[in-house]
Each structure stands twice: as C-alpha cells, then as structure tokens.
Amino acid sequence: MSDQITFTIDGVEVKAKPGQTIMQAADEAGIYIPRLCYLPELTAHGSCRVCTVIVNGKPQTACTQPVAEGMIVENDTPELLEHRRNLVDMLFVEGNHLCMFCERSGNCELQAMAYRLGILAPKYPYFYPDKPLDSTHKDIFLELNRCILCGRCVNASADIDGKGVFGFVGRSIDKKIAVNSDKNLGDTNMAVTDKAASVCPVGSINKKGTAFKIPYGQRLYDQKPIGSDIENKK
Amino acid sequence: MSQTKRVVIEPVTRVEGHGKVSLLLDENNKVKQARFHVVEFRGFERFIQGRPYWEVPVLVQRLCGICPVSHHLAAAKAMDKIVGVDKLTPTAEKMRRLMHYGQMFQSHALHFFHLCSPDLLFGFDADPAIRNVIGVALKYPDLAVQGVMMRKYGQEIIRATAGKKIHGTGAIPGGINKNLSIAERDEFLKDIKQMYDWSKSALKIAKDYTVQNLEKLTPFASFDSSHLSLIREDGAMDLYHGNLRAIDSQGKKIFDQVDYSKYLDYIVEEVKPWSYMKFPFIKQVGPQDGWYRVGPLARLNTCDFIDTPLAEEARKEFMAVTNGKPNNITMAYHWARMIELLHSIEKINDLLNDKDLQGNDLVVKGQKRYEGVGLIEAPRGTLFHHYKIDENDQITMANLIVSTTNNNEAFNRSVQKVAADHIDGVAKITEGLLNHIEVAIRAYDPCLSCATHAMGKMPLKVTLYDYQGNEIDNKTKE
C-alpha cells in the first residue's frame, strides 16, 4: 500500500497520508475549509456541517471523511458558500448573539466566520430563545445564549480533562449543553486550567477577569480573516 | 418547542424622535404649565439585570451614539469600585481623561457648529429651510468645515483611547486596555495648534453673540435656578472626577464636596405619569424647588476656577457679565459650552505631553465589592451610574440619572417662559412660538436635538389645552 494518497481540492492536487481526513490534508496543504466545531486536538464529529464539501459529487463533512486516492473534492464553490452562509445564519438566529457587547467579539469564530462568508445581517427571523446564564463558578462564566452546540467542551472535558463536566441534553431545537451537577457550573469540579475552559469557539465559556482586555486592532480576527493562518502555509 | 413568548417592540415606539410639548392654559388663556414630554422608553436599567458586571461599560454606552464615552466611563468608574479599586494607575487615569476630553471636544464642536450655529447666525425666526447646517455650509463654509474637522479630531482621540470612534472598549474595571503610542501622540500634536485657534474663534463667536444680544437673551427662556456639578477638591472645574457641589441661583452653596457614592442622601428622583423621564431634585430643598440645572452653564457657575489658562481667562469674562453671581441666562449655555471646548483642547494638549500615557501599567486589582457608583461630567451635564451585583458577579440593580434627566424641570421652565411670552390671552400656537421653543430646548443640547436636528429640523409637536383640559390647538413641525 502506498504511503501517499493524491487527490484534488477545487482542481488543485493535494498529497495526503493514508488515514488522514480531507480537513487534515487540506490544512497541511494550506487550503482552508471553513469549520466551527472541528479542533485538531479533539475527536472530530462533524456536527456543525460548515465544513461540508462535495466529494465525488456527494456532500461529506471534511473533518470526518478520510481521503482516498483520486478523490475529487469541491470546497470553494458558490453553491457551498451559500450552503455555509445558511448554516451560519441559522446558528445566529437560534441563539442570542449580541456581538456589540460580547466579550468574545473580535476573537469569536462564529463572528469571524460570518465576516469571512460575507454575512452582514441574518436573513432568517430571530428565535430569541430563553437561555440561562451561569456565573456561579468563581473563575468561569457560562453563557448559553451564545452556545452553538459544537460539542468542543463536551469532548475536551471527557477526553482530555477526564472530567465529563459537560454533556448534551434534549433533542432538536431544545438540545442544549448541561453540566454534570444537579445545580450549576460552580458545583462541578471544573477548573479554569481545564482544556474545556479554552476550546469554546464563541463567547459561551469565558474565563472571568479577561473580558475586553485585548484592545481593538489586536484581537485575533481584527487584521486578518479566520483561516488566514492555514492559508499562510501555502 | 420552547414556550418563550415573543414580544415585538416596534422601533417607532422604542425611539420616538419627536419632541412633544403640552401647554396648559388658565381661565384667562395665560400659560399655567408647560410639559416637555419624553416618550422614549429605553429600559436599560432593567434589561442589564442579570448580566455580568464587566459587560456593563461596553453595554450601557449603547444608550447613545453621540456621547457613548460618557456612559462607558461612568459605568467603568462604578465598576472600578465593584472590583475594589479606588485609585487607578497614572496611565489608566490619564488615558481615560484623554478619552473624555476628546469626547467633550467633539460633542461640543458638533453642537455648536452644526446644531446651534444656524440659530445664532441666521436668527431664531429665520426660515427653517436655510436655518440648518446646510445653510451654514453655504453661507459660512469655513465654519462648517471647522466643525467637521474639530469633531473628527475629537473622534480620533476617542478611537486612539477606546479602540473605536463609537462604542469602544478602552475602559475596563480597574483600568484601561491600552496606552497611547508615540506615533498616535505625534499625530494629534501635529494638529493641536489649529484646534486651539479654531476653539478660540468659536468661543469668540459665542461670546460676542451673547454680549451683543444680552438684552434680548437675558429674559429669553431664562429663570433663576440651582446648579449642580462635580467639582475638584480645590474647587476647580473637573469634567472627569470630583465631588458634588450644588449652589442656589445666588451662588449660595446648598451642599459641597459631597462624596458622590452617597448621592442618594442628597438627590431624589420623582416619577410623573406623563413622562418616561424622571424628575430629580435636591432632597434638602424639596420636590417643589429642589430641581436644578446641569451642563456647561451649571459647571461655569459652580466652579471656583478653571485650571487651564485660556479657559480661566474666558471664565472670568463670562462671570463678569453677572458680576460674579451665577449666570441664569439660558442662552448663555452656548458661551459656557465654548469655554469648555477651549478647556478641553488645553487639557488634551497637557495630556498629550505627559509621558504617563506611554506607560504599561494599565490595570489594578482589588477586593470585590457588591456596589459601585460612578459619576462623570458628560457634555450635557452630570451623569450618574449606580450598580449592585450579587455573589455571582451579576447585576441586581442599576440606576442611571442621565444629564438630560437632570435638566428635565429646566426644560419645562424654559418652555413655559417662552410660551408665556408668546401666548398672552390668545389661545393659538404661532410659527414664532414653535421656533422659539425649539431654540430654548436646544440651548441645553439634549440628546433629542442631537438625534433629530442634524438637517435643521427638530420634529416638534406642541399641543394647547384650555383650563378644563380640552385640546384647543396643536401644531406639528416636521
């Protein structure tokens, strides 16, 4: 068996190792595939669907689909751009994302993705869900109004921290993140140094005492759009 | 599905841009009472409850797009107390001051050049079609350009200190999130002389206009009133920080050097059913006569001196008009505002030349407290922010007394005075009355005029009621 697989993304030839996902191979090749739930150090589970690409004519999530020899992948197409815009748009209206006073503004992957995809205002009507805010932990502030159910905190707490502080409860539109305590985050054994405290892509899990400390112009996505770090590898 | 009920608040009910005035007549058709209604309902004090305290300086500044810096800083000062900080580092304090003087400079310039100058340059009764900023730009192009450039200068200072020209994040509980780079400083120093010159000429226009028309302006919309502001410990004007001083119309101190965290012992807010705006009054004087004025006129009246040379010289000239007694001429607000404009640029110059602005010690930490009060002298007057939090850092109580609210009763008095001069036995609303009410209200630079007068039009509805409460006339000016 060859130790190298060759396939194409948008007509560009990409080399990959067997067992790699399309996302991993694309990242190494400096091709950015938009994503919100995927984080290299966590198990990929393809929940946000933003990384959906067309593989040999069929939609697949790039973060979970292994590469195969001769595979033809479409990523940067008008059709997929529209698809991703719709997904991100729905994430915005399903929560209460008030960027203007959110402490993650400028460092938020959802906001940065919206800018990258050219979304200036949602086209769908807002749901205005009634979501709780949990500030009971002395070092961490949990704001479920901004949660996009990416599952990063669930995986990080279970697989890396070995604590299982977070989990999903409910189904469909009522699905939400819950903590493994009858009460609140402050009653769990979560620590601010846990991996789960630093993987949230939005302003849902925040470390207290850090809000607004980075001035405008120096925030993660102030100067360059999300994905620039990957594209710079080219 | 979620059981949450969706309540839609239509923009038209949330922000009403019209000034609404009711005039109540007595049996002889003389004006008995004037009511300046504020029908906007904002609800900030309620809907920030439950939010974490560190969001508040960034959140509440959304109250306003004209002077958000004032709300940002007043809230940040309250949050300093919440995080147990009584003294900021020199860099943090001076960066905040620079932000504030930049705000004062741009706001005063905007009001003078673009909002009030049409009244002064063309006369109160000039055709509204020319009595607007476009009219000024056509007839006095230099003035219009100065207004734009001065506003830009102040806005750029805000951007350099708060991160954005509108709704920045610079002030954080216990300090600031950036210093001023040498490059930023030098950019501002390049234009400072021009700003001095234009400030001096704007002050001259306001002063000459007031002095030359003193006979006409002295009675116009004027009345004796108390005045309130923050004051520095040595009695100097201080727009960023100080203690509370209130004086009566003759200059006698009602209270002095009051620690503003104890404001509730001195100021009471009364609610009236016909306005969303509350009516604050000085407790020891009582609800009938305890109302007061705030803003540039009040600050000139309360302070013992101004600590910058050019503004101090101008203050002495200003006070000489009333022989050192408090000036109660409503239209003198404009002159006082321009003295503060000059003071602001002098302060900006001092700060830009202070090396502390390049310091790196930005934030102080302290022991958490559960209550914080922050006051500041906003362009329109004293601004109160008061918050309480719970053990989880969430806001449980917020009380804001904004500058325009402090001037609430003064609006009514000014409108009543103007109306009484126009309606004397004949129950009719004339064009002249509408124009004069507009000019009187604008002297205070309330947010309303800022929001709606930019094109020379302040939508205004005046309704006349007879002594039995029946509507007998109304006139709307779009």
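Residues numbered from 1 in each chain as written. Chains lettered and ligands numbered in written order. Predicted model: local features only at pLDDT ≥ 70, side-chain atom pairs only at ≥ 80, totals over all residues. Heavy atoms only, no water.

Draft legend 1. Focus on the pattern of salt bridges. In this structure the tally under the stated criterion is 49 salt bridges over all chains. For B:R245, the salt bridge is made with B:D256, and the minimal N-O distance between the two is 2.7 Å. With a gap of eleven residues between them, B:R245 in strand 6 (residues 243–247) and B:D256 in strand 7 (residues 253–258) connect regions that are remote in the sequence. For B:R245, a relative accessible area of 3% puts it in the buried group. Assessed through its relative accessible area of 28%, B:D256 is described here as partly exposed. Three or more residues are tied together by salt bridges with common partners; here these are A:E143, A:R146, B:R51 and B:E55. (Salt bridge = Lys/Arg side-chain N within 4 Å of Asp/Glu carboxyl O. Helix = DSSP H or I, 4+ residues; strand = E, 2+ residues; numbered from the N terminus. Buried < 20%, exposed > 50% of the residue type's maximum accessible area, 1.4 Å probe, protein only.)

Draft legend 2. Local environment of the sheet that holds strand 6 (residues 133–134) of chain A. Residue and element names in this part refer to chain A. Reading across the sheet, the three strands line up as 6-7-10 and stay open at both edges, with antiparallel pairing between neighbours. The sheet is open, and its two borders are formed by strand 6 and strand 10 (205–207), each paired with just one other strand. The sheet contact formed by strand 6 and strand 7 (residues 140–143) spans two bridges and is antiparallel. When the sheet's bridge partners are listed, D134 is paired in strand 7 with L142. (Pairing = 2+ DSSP bridges.)

Draft legend 3. The arrangement of the sheet that holds strand 10 (residues 292–293) of chain B in detail. Read from one edge to the other, the open sheet built from four strands follows the order 7-6-5-10 (chain B), with strand pairing classed as mixed. The sheet is open, and its two edges are formed by strand 7 and strand 10 of chain B, each paired on a single side.

Draft legend 4. The packing of helix 2 (residues 78–94) of chain A against helix 3 (residues 109–117) of chain A, seen in detail. All names here are of chain A. Two elements in contact, helix 2 and helix 3, have axes whose closest approach is 10 Å; the angle formed by their N-to-C orientations is 145°. The crossing of helix 2 and helix 3 is left-handed. In this structure, helix 2 uses L81, R84, R85, V88, L91 and F92 to contact helix 3, whose residues at the interface are L110, Q111, M113, A114 and L117. The class makeup of the residues in the contact of helix 2 with helix 3 is eight nonpolar, one polar and two charged. (Axes fitted to C-alpha atoms, helices over the stretch in contact; angles between N-to-C directions. Left-handed = near helix turned anticlockwise from the far one by under 90°. Contact = heavy atoms within 4.5 Å. Nonpolar A, V, L, I, M, F, W, Y, C, P; charged D, E, K, R; others polar.)

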